[in-house]
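Residues per chain are reported as follows:
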Amino acid sequence: MKASVFFTVNEVDGAVLQGHTAIVIDVLRATSTIVAALAAGAHAIFPVVSTEEAIKLANSLGRADTLLAGERKGLKIEGFDLGNSPREFTPEAVLGKQVVMSTTNGTRALLAAAPADRVLVASFLNLSAVAEASAGAERLAVVCAGQEGRFAIDDALCAGMLLGRLEERLGSELEVDEAGRVLLTLAGAYGVDPELLHESASGHALAAIGLAEDVDWCARVDVETLVPELRDRMIRRVDDGGA
Ligand code: MLT
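Read on for a plain summary of the structure.

1. A word on the nonpolar core
Part 1 of the reasoning: Formed by 43 residues in total, the largest nonpolar core has its most connected members in I23, I25, L140, V142, L163 and L166.
Part 2 of the reasoning: Broken down by element, the residue count for this core peaks at nine residues, all from helix 7 (residues 153-170).
Part 3 of the reasoning: Excluding residues that lie within four positions of it along the chain, L166 makes contacts with M1, A131, S134, A135, L140, G171 and L174.

This is how it looks when you write it as structure tokens:
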């Protein structure tokens, strides 16, 4: 396996991703929220970039069974059903529903990765399950969403931990690029350190709006075994036969 890492969505060139399995990471909080939504029984998640597109898609899907979810500056978009705190995505809220989602960084990263042969969604919550699901790939592209176009240590740490899981499994068969080497070292030095996440730009931004609890919630490792996959604009659980 040859693995390459993109530190932010701005680095992603869709043409390069063809032939790859892409893994998209936005720990605080979009990919953590997607895992939470599917774990709570959501039928599917549709990532979109703009608020306008989200509303248009939700209306075309039928609002009776479709929720609008997302954030701008971390807070729920006005008129939406849910924000982007994974803690909102309970079975009572999302069971059987489709969710159209728009966030600042994570949904952009998912759509940027769409040209890849496969697009999997990772977080700390489902880290080992995604490592297992991607271990057979010949070429892997790990896409960190980043924070408004800048390096995000929360995403980087998760990517490094993921590469560490793959290195444990594949040994010398895993080749990583320079960015991957850096993230493996970062993960080896820190492990999953909630304090590091609280001290990240995303962590500070969430604390500033009273959502610091989301950081600890998103730092829980391997609490889920589901693997979300984006296919034809829709994210479903791989084991749900949908993706
Ligand atoms: C994002 O997708 O940009 C993040 O999840 C932002 C957030 O949830 O506050």
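2. Overview of the pairing of strand 7 (residues 118-122)
Each regular strand displays side chains that alternate between the two surfaces of the sheet.
Part 1 of the reasoning: Counting buried positions along strand 7 gives four out of five residues, so the element sits mostly inside the fold.
Part 2 of the reasoning: The pairing of strand 2 (residues 21-25) with strand 7 spans five bridges and is parallel. Each bridged residue has a counterpart across the sheet, and for T21 the counterpart in strand 7 is R118.
Part 3 of the reasoning: Pairing analysis gives two bridges linking strand 7 to strand 10 (residues 228-231), with the strands arranged antiparallel. Following the sheet pairing, L120 is matched in strand 10 by E229.

3. Some details on the pairing of strand 11 (residues 234-237)
Part 1 of the reasoning: Taken together, the four bridges between strand 10 and strand 11 define a ladder with antiparallel strand orientation. Bridge assignment links R231 to a residue of strand 11, and that residue is M234.

4. Digging into the environment of S123
Part 1 of the reasoning: By the secondary structure assignment, S123 is in the loop between strand 7 and helix 6 (127-134).
Part 2 of the reasoning: Taking the relative accessible area as the measure of exposure, S123 reaches 0% and is therefore buried.
Part 3 of the reasoning: The sequence separation of S123 and R29 amounts to 94 residues, and the corresponding C-alpha distance is 8.8 Å.
Part 4 of the reasoning: With residues near it in sequence (within four places) discarded, S123 still touches T31, S32, V35 and C158.
Part 5 of the reasoning: A polar side-chain atom of S123 sits 3.2 Å from the main-chain amide nitrogen of L125.

5. Let's talk about helix 8 (residues 178-190)
Part 1 of the reasoning: With 13 residues, helix 8 extends 19 Å between its outermost C-alpha atoms, agreeing within 8% with the 18 Å of an ideal straight helix rising 1.5 Å per residue.
Part 2 of the reasoning: For helix 8, the complete set of buried residues consists of A179, G180, L183, L184, L186 and A187. Buried residues of helix 8, seen end-on, are gathered within an arc of 160° and therefore sit on one face of the element. When the buried face of helix 8 is taken as reference, the exposed residues oriented beyond 90 degrees from it are E178, T185, G188 and A189.
Part 3 of the reasoning: Looking at the buried positions of helix 8, the neighbouring elements they touch are strand 1 (2-6), helix 7 and strand 9 (175-176).
Part 4 of the reasoning: Once helix 8 finishes, G191 follows within two positions and takes phi at roughly 65°, a positive value.

Definitions and cut-offs
- Residues numbered from 1 in each chain as written.
- Predicted model: local features only at pLDDT ≥ 70, side-chain atom pairs only at ≥ 80, totals over all residues.
- Heavy atoms only, no water.
- Core = buried A, V, L, I, M, F, W, Y, C linked by side-chain atoms within 4.5 Å.
- Buried < 20%, exposed > 50% of the residue type's maximum accessible area, 1.4 Å probe, protein only.
- Helix = DSSP H or I, 4+ residues; strand = E, 2+ residues; numbered from the N terminus.
- Contact = heavy atoms within 4.5 Å.
- Pairing = 2+ DSSP bridges.
- Polar contact = N/O pair within 3.5 Å; in protein donor to acceptor, adjacent residues only side chain to side chain.
- Expected span 1.5 Å × (residues − 1).
- Arc of directions from axis to C-beta.

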